Amino acid sequence: MHQRTVRISSLYQHSQHDPCTQPHQACLRVVPFTLGNTLSISSRKIAVAGLAAASVVAMLAGCSAAPKASTGTTTSKYLPCVVGDTGGFSDHSFNQLALDGLIAATKKIGSTYKKVQSTSADDYAPAIASLISEKCNIIAAPGFNFVASVKAAATKNPKTEFAMIDDNSITLPNVKDIVFETDEAAFLGGYAAAAYSKSHVVATWGGAQYPSVSIYMDGIADGIAYYNQQKHANVKLLGWNEQTQKGTFIGNFTDQNQAKTVTQNFLDQKADVVIPVAGSLYIGAAAAITGSGSSAVLEGVDADIVQTDPKFKDLFLVSILKRVDTVTTAAVEQAAGSKTFNNSTYIGTLANGGVDLSSFHDFASKIPSTLPAELATIKAGIISGSIKVASPSSFKK
């Protein structure tokens, strides 16, 4: 395995078969990373492995239509790269999804990849600079924290392409903005939480108050409000006020002890469904539940936590999905197979499959029998526009 050391972290070049997974291979593991955001796609369609073709076409077709993957021969010299935030590539959430999507793309195009892990905010610019020096063709940057560094690097290096996930503020020809209308999927998650709650108290809290975080919380609030309206109920939401845009935040995406403390505070207020919008900090939330003997459950965000971190499957009612992995794969494939970089913004929605709600897994037999049908009807209403989701952080406003 080819390895170089840069001052911010270890930089790896990988083949389709990661040496770190092979026996008798010397290999250093990077430190995990966290935080998240979105991506951009164009008017052609793409088939993505692991999903039915129809689902993939739908996912990439909304707002700006899907790019078409190259069917010709792609040179193995094409080098996709990803930069990691301080939470780590093994966060079982947003950052891991970005890396997984990049790896899936390299397998399709027959390429290698490189990744760099930041250990602090001071590392963002040097991390990106190190990947540019390695002649990366496209660099995926997952998370709002990277916006300033990506904009500066893209301006200075117009031949390097970037996939800026979870932000749409950069308008440069070599930057593809990728964002997700997660309030739509979170509306479903909020409704499901209200329907499941026995105490009629649901709580949510965030890692840091970024638009990519608060948009989830807005959707959760809207979903609970809709449940109350439809069922003449009075389920309360703790931790977020959509009208004032004020709520409970840890201030970072790494402090598991604080995550545990905040969750315990909500458990003490009778919350029996807790929805952390904070990457891997669901681990601290889970510790609060198990440590207190509470019967409360969690909802995941970004990834289907039951699949990415199955040891917690007994605690997760459902997950609110942001398909960063699939969209990253599509963006890299498109860039590798096209002579002209498509920088049109991609907005993931329920309509195009960029966001969704996971299966209820082990809780399928514990939810109200009418809930799946109700959620299907609500989803169709959101897609048609008959049910409004109006987050101040919406990318469609």
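Please refer to the structure higher up on the page.
Residues numbered from 1 in each chain as written. Predicted model: local features only at pLDDT ≥ 70, side-chain atom pairs only at ≥ 80, totals over all residues. Heavy atoms only, no water.

S.K.: What is the right way to look at the sheet that holds strand E14 (residues 316–322) in this model?
M.R.: Read from one edge of the open sheet, six strands run E9-E8-E12-E13-E14-E16, paired in mixed fashion. Lying at the two open borders of the sheet, with one neighbouring strand each, are strand E9 (236–238) and strand E16 (355–357). Geometrically, the sheet is characterised by an average inter-axis angle of 20° between neighbouring strands, direction not taken into account. Two elements, strand E12 (residues 273–277) and strand E13 (residues 297–302), share two bridges in a ladder whose sense is parallel. The residue of E13 that forms the bridge with Val 273 is Val 297. (Pairing = 2+ DSSP bridges. Helix = DSSP H or I, 4+ residues; strand = E, 2+ residues; numbered from the N terminus. Axes fitted to C-alpha atoms, helices over the stretch in contact; angles between N-to-C directions.)

S.K.: Would you explain the state of the cysteines in this entry?
M.R.: By definition, a disulfide links two cysteine residues through a covalent bond between their sulfur atoms. If you walk through the whole model with that rule in mind, you get one disulfide. In this model, Cys 81 is linked to Cys 136 through a disulfide, with the two sulfur atoms separated by 2.0 Å. The disulfide joining Cys 81 to Cys 136 has a torsion of about -80° about its S-S bond and is therefore left-handed. Of this pair, Cys 81 sits in strand E3 (residues 80–84) while Cys 136 sits in the loop between helix H3 (124–133) and strand E5 (138–142), and the two are 55 residues apart along the sequence. An identical accessibility class is assigned to Cys 81 and Cys 136; each is buried. (Disulfide = S-S within 2.5 Å. Buried < 20%, exposed > 50% of the residue type's maximum accessible area, 1.4 Å probe, protein only.)

S.K.: I keep staring at helix H2 (residues 94–109) and nothing clicks. Help me out?
M.R.: Residues spaced three or four apart along an α-helix point in a common direction, a consequence of the helix completing one turn every 3.6 residues. With 16 residues, H2 ought to run about 22 Å at 1.5 Å a step, and its terminal C-alpha atoms sit 23 Å apart, in line with that. Three or more residues of H2 are buried, namely Phe 94, Asn 95, Gln 96, Leu 97, Ala 98, Leu 99, Gly 101, Leu 102, Ala 105, Thr 106 and Ile 109. Just beyond H2, the residue with positive phi is Gly 110, at close to 70°. (Expected span 1.5 Å × (residues − 1).)

S.K.: Which parts of the structure should I look at to understand the environment of Phe 89?
M.R.: As for its placement among the helices and strands, Phe 89 is situated in the loop between E3 and H2. Residue Phe 89 is classed as buried on the basis of its relative accessible area of 5%. Sequence-wise, Phe 89 and Val 116 are 27 residues apart; in three dimensions their C-alpha atoms are separated by 9.7 Å.

S.K.: How should the nonpolar core be read in this particular structure?
M.R.: One finds Trp 205, Ile 320 and Phe 360 to be the most contacted residues of the largest nonpolar core, which totals 95 residues. Looking at which element gives the most residues to this core, the answer is helix H5 (residues 182–196), with ten residues. Membership of the second largest hydrophobic core comes to 22 residues, among which are Ala 141, Phe 146, Ala 154 and Met 164. (Core = buried A, V, L, I, M, F, W, Y, C linked by side-chain atoms within 4.5 Å.)

S.K.: I would appreciate a short explanation of the packing of aromatic side chains in the present structure.
M.R.: To describe a pair of aromatic rings, you give the distance between the ring centres and the angle between the ring planes. Applying the stated criterion across every chain, the model contains eleven aromatic pairs. Ring geometry for Phe 180 against Tyr 346: centres 6.1 Å apart, planes inclined by 75°, an arrangement best described as edge-to-face. One end of the pair, Phe 180, is in strand E7 (residues 175–180); the other, Tyr 346, is in strand E15 (residues 346–348), and 166 residues separate them in sequence. Ring centres of Trp 240 and Phe 249 lie 5.9 Å apart, and the angle between their planes is 90°; on these two criteria the pair is classed as edge-to-face. Taken together through their ring pairs, the aromatic side chains of Phe 187, Tyr 191, Tyr 226 and Tyr 227 make up a single cluster. Between the NZ or CZ atom of Lys 198 and the centre of the ring of Tyr 196, over which it lies, the distance is 3.9 Å. (Phe/Tyr/Trp six-rings, centres within 6.5 Å; stacked < 30°, edge-to-face > 60°. Lys NZ or Arg CZ within 6 Å of the ring centre and 35° of its normal.)

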